[in-house]
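Observations on the three-dimensional arrangement
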Amino acid sequence: MRFNTKQILVDAQQGEYAVAAFNVYSLETVQAAISVAEKENQPVIIALGERYFPTVDVEGFAALVQAMAGKSRVPVALHLDHAYEKSSIIRAIRCGFTSVMYDGSKFDLEENIQRTKEIVEIAHKAGVSVEAEIGSVARGAFSDEEDGDGTLTDPESAKRFVAETGVDFLAAAIGTVHGMYTGEPKIDLALLERIRSEVQVPLVLHGGSGTPDDVISQAIRSGICKINVNTEISMAAVAHLLKFAADASASKVHLSTIMAHMQQSMEPVMTKFVRLFAQMERKHRRMGIDLEEWDSL
Ligand SMILES: [Zn+2]
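The notes below deal with the structure included here. (Residues numbered from 1 in each chain as written. Predicted model: local features only at pLDDT ≥ 70, side-chain atom pairs only at ≥ 80, totals over all residues.)

Let's shift gears to the environment of V215. Along the chain, the position of V215 falls in helix α8 (residues 213-221). The class of V215 is partly exposed, set by 16 C-beta atoms lying within 10 Å. C-alpha of V215 to C-alpha of K186: the two residues are 29 residues apart in sequence and 9.9 Å apart in space. Residues in contact with V215, not counting those within four places in the same chain, are P185 and I187. (Helix = DSSP H or I, 4+ residues; strand = E, 2+ residues; numbered from the N terminus. Buried ≥ 20, exposed ≤ 12 C-beta atoms within 10 Å, placed from the backbone. Contact = placed C-beta atoms within 7 Å.)

So, in structure tokens, the structure goes:
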């Protein structure tokens, strides 16, 4: 099913779970993400960053994801991740992305508000929802993503930002990083609670990779509805390719086999995140399902 990202996230907000936004860059990554979502019976967000525009045929990619989403049994949304250029956002809207992230986090609050507001007006006219960020997510290890200065989100500014821009969901910087942590993660969950008390729209956490499970569960309980994951998936695929390359007989293997196995190497990582984000145990408890009975099924 093709779904608007906002529909997916509003349901997550009401149901107190989070949806995985997997960063993709190839057919195999998309197939892995949708296949895992179907197996786990959970919605999924396919996220392509503006930084991949030079190497990915954006219109062709969108058509491919739309076709795959159309025959999927679960809700699938197509999201533009970290876009800095208005032209990229318009391009994504024109070819059917269901949400866009405008990243004006490098600007001061006033300018971020003005720029984001303009994007929201354009996107909403096309029925496309908008994510934006205030504060800034720093970069850890093995990351191919944005390097912010790590400024945490100020709750009062978040309230003003959402009210004045009309964004549909907000990325809050609470100490997670893009990529893997180089030291002990310092995630400010008390700050997240304060942001949530000021902001009614679904909140987004960037930097799912390497974040401890209990922190993720607590963040979901504190209002996080979408969690972006990139690096851990890339690391699983790269580790798989290196293992192939180290095997002396690998030169005789056909590329199609290597790529199929690479997809399989990403799926367990994605499954781990989808299960964690779905908060199944809590959901069943809320629905009054006896957990012991459920486990024995
Ligand atoms: Zn990010």
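V19, A20, F22, A33, I46, V100 and L170 are the most contacted members of the largest nonpolar core, which totals 81 residues. The leading source of residues in this core is helix α10 (residues 255-278), at seven residues. When residues no more than four places from it in sequence are discounted, the contact partners of L170 are A132, A158, V162, V199, V201, L203 and V204. (Core = buried A, V, L, I, M, F, W, Y, C linked by C-beta atoms within 7 Å.)

So, on to the sheet that holds strand β10 (residues 224-229). Strand order around the closed barrel formed by eight strands is β1-β2-β3-β4-β5-β7-β9-β10, with parallel pairing between neighbours. Strand-to-strand twist in this sheet, taken as the mean axis angle between neighbours without regard to direction, amounts to 25°. Bridge count for strand β2 (residues 44-49) against strand β3 (residues 76-83) is six bridges, and the pairing is parallel. Looking at the pairing, A47 lines up with H79 of β3. Contacts from helix α5 (residues 109-125) reach β4 (99-102) and β5 (129-134) within the one sheet, and its direction differs from that of β5 by about 170°. (Pairing = 2+ DSSP bridges. Axes fitted to C-alpha atoms, helices over the stretch in contact; angles between N-to-C directions.)

Here we take up the pairing of β4. The side-chain alternation of β4 yields two buried faces, one formed by S99 and M101 and the other by V100 and Y102. With three bridges connecting them, β3 and β4 associate as parallel partners. Looking at β4, one finds that A83 is bridged to Y102. Traced from β3 through helix α4 (residues 86-94) to β4, the parallel crossover comes out right-handed. Both β4 and β5 contribute to a ladder of four bridges, which runs parallel. Each residue of the ladder has a partner; that of S99, found in β5, is S129. (Right-handed = clockwise from strand over helix to strand, strands pointing away.)

Let us look at the pairing of strand β1 (residues 19-23). Each regular strand displays side chains that alternate between the two surfaces of the sheet. With five of five residues buried, β1 is to be regarded as a mostly interior element. Residues V19, A21 and N23 point to one face of β1 and A20 and F22 to the other, with burial holding for every one of them. Note that β1 and β10 share four bridges and pair parallel. Bridging from a neighbouring strand, F22 pairs with V229 of β10. With three bridges joining them, β1 and β2 adopt parallel strand pairing. Bridge pairing in β2 links A21 to I45. Following the backbone out of β1, through helix α2 (residues 27-40) and into the adjacent parallel β2, one traces a crossover that is right-handed.

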